[in-house]
Amino acid sequence: MESESGPSGPRLAPLRIGPIAVDPPVLQAPMAGFTNWAYRALVRRFGGVGLPATEMVSARGFVEMDRRDAGEPGRLWGVRDEPRPLAVQIWDNDPDTLAEVARRVAHDFRASVVDLNFGCPARDVAQKAESGAYLLDDPPRIGRLVERVVAACGDVPVTAKIRLGPNDDQITAADVAQAVEGAGGAALTVHGRTARQMFRGQADWDRIASLKQFLKRIPLIGNGDLNTPRDVIDVFARHPIDGVMIGRAALGRPWLFARIAAALAGDPIPPEPTPAEQGRLLLEHLDLAVQRFGERKAIVLMRTYACRYGAGQPNIRAFRTDVCRVETIGAFVDAVRRTFPTDA
Ligand SMILES: Cc1cc2nc3c(=O)[nH]c(=O)nc-3n(C[C@H](O)[C@H](O)[C@H](O)COP(=O)(O)O)c2cc1C
């Protein structure tokens, strides 16, 4: 057993998002470009995640593709029939568009949870489309959007993911939290940075935790900078949060959730897979994706996700450069074989 493991896990209350039991109370963060079907399947295979999530899906883009009869967005590949629970995240600032796409995601795609993105500070989303974190300076507007989406989703719970506010002089999260709860939201996830911070500095867990007092009915999920099982044990021990969400630390390490779940349960933490095991995993996963989607889609899904793999491995830079560009199964397999040892 590693030192990260507590003598026994902390006592955690069960986390529920509407009718959905999130057990353990550890959520996989939505991450554009990464948390695709391939990634989610691997996370589920290792286990330990209470609620996986898609990448954020542009509601306007969805409507536009529909109008052109262009199929469904790549970010929704696999969603219809993969295991549940699963959260699908969407973004926009227009109540009609958001409500229409939320209804489709809830009813046609049967998402367990529809999550609304009010935290993305990326230029295309926040500045250009005036969505995501742009909306944090207008809590009543967020409330109105949530209310429309809740009405469109029926029994499917609607959650919101936010940051602390637009910047250090405008920490609006308490008002946003109350707006989300008042509008019928089923949970609130807070990334403990402001939009202006992007990813600079540290997530402020005291500020995240201070929001608990404003939520009477719905759970508070904290997010930001959790890297190890120990980090998760510590935030649950120190702060009155109901759940945690993990993003970057698990991108190249889909087994991290299983290690965290073991630590929370007070069980021995499984070891990190060896480099040879990681290489085999990538190839097995490629196989699965090819069977599921055919070569073209499988390569698109696998290359973004494989390029986060193999931290600490010699030649990893070359691997990441190569694998992000491969066009064929053969080239993917060659890149993996060149980099990862083949024996256990
Ligand atoms: C590459 C990348 C893509 C992201 N995409 C999304 C997204 O689609 N939706 C969202 O709500 N947050 C997105 N985020 C933010 C993460 O969900 C999370 O809030 C953030 O990374 C902080 O958590 P962490 O420290 O555990 O990574 C993204 C972050 C990164 C680095």
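Residues numbered from 1 in each chain as written. Predicted model: local features only at pLDDT ≥ 70, side-chain atom pairs only at ≥ 80, totals over all residues. Heavy atoms only, no water.

1. Some thoughts on the domain arrangement of the protein
Going by this rule: Where each domain starts and ends follows an automatic or database-derived domain assignment. Contacts between residues were defined by any pair of non-hydrogen atoms, one from each residue, lying within 4.5 Å. What gets called buried area is simply the loss in accessible area from a 1.4 Å probe that two parts show on being joined, summed for both. A carboxyl oxygen of Asp or Glu within 4 Å of a side-chain nitrogen of Lys or Arg is what we treat as a salt bridge.
Split by domain assignment, the protein resolves into domain 1 (15-265) and domain 2 (275-339). Between the C-alpha centres of domain 1 and domain 2 the distance comes to 27 Å. The interface of domain 1 with domain 2 comprises 17 residues on the first partner and 16 residues on the second. Taking both sides of the interface into account, the surface hidden between domain 1 and domain 2 amounts to around 1600 Å²; carbon and sulfur atoms contribute 68%. Interface area lost by domain 1 to domain 2 is led by W37, R45 and W77, which between them contribute 37%. Summed over the shared surface of domain 1 and domain 2, the result is two salt bridges. Between D81 and R292 there is a salt bridge, and its shortest N-O distance comes to 2.6 Å.

2. Here's the deal with the site of the ligand
For clarity, the cut-off: By convention in this text, a residue qualifies as near a molecule or strand provided that one of its non-hydrogen atoms is within 4 Å of it. A 3.5 Å cut-off defines polar contacts: any pair of N or O atoms within that distance qualifies, except that in protein one atom must be a possible hydrogen donor and the other a possible acceptor, and neighbouring residues in sequence count only when both atoms are side-chain atoms. Accessibility throughout is a Shrake-Rupley quantity obtained with a 1.4 Å probe, and a residue counts as covered only by protein chains that appear here.
In the neighbourhood of the ligand, 17 residues make up the surrounding shell, with A32, Q89, N223, D225 and R248 lying closest. The backbone of P30 places a nitrogen or oxygen atom 2.9 Å from an oxygen atom of the ligand. Here A32 contributes a backbone N or O atom positioned 2.7 Å from a nitrogen atom of the ligand. Protein coverage of the free-state accessible area of the ligand, which is 610 Å², stands at 87%.

3. Thoughts on the pattern of salt bridges
Quick note on the threshold: Per the convention used, a helix needs a DSSP run of H or I reaching at least four residues, while a strand needs a run of E reaching at least two, with both numbered from the N terminus. Under the scheme applied here, a residue whose accessible area is under 20% of the maximum for its type counts as buried, over 50% as exposed, and between as partly exposed, the area being computed with a 1.4 Å probe on protein chains only.
Summed over all chains, the structure comprises 22 salt bridges. Among the ionic pairs, R67 bridges to E64, the shortest N-O distance being 2.9 Å. Separated by three residues within a single helix, R67 and E64 lie in helix α2 (residues 59-67), roughly one turn from each other. A relative accessible area of 34% places E64 in the partly exposed class. We note a salt bridge from R68 to E64, for which the minimum N-O separation is 3.8 Å.

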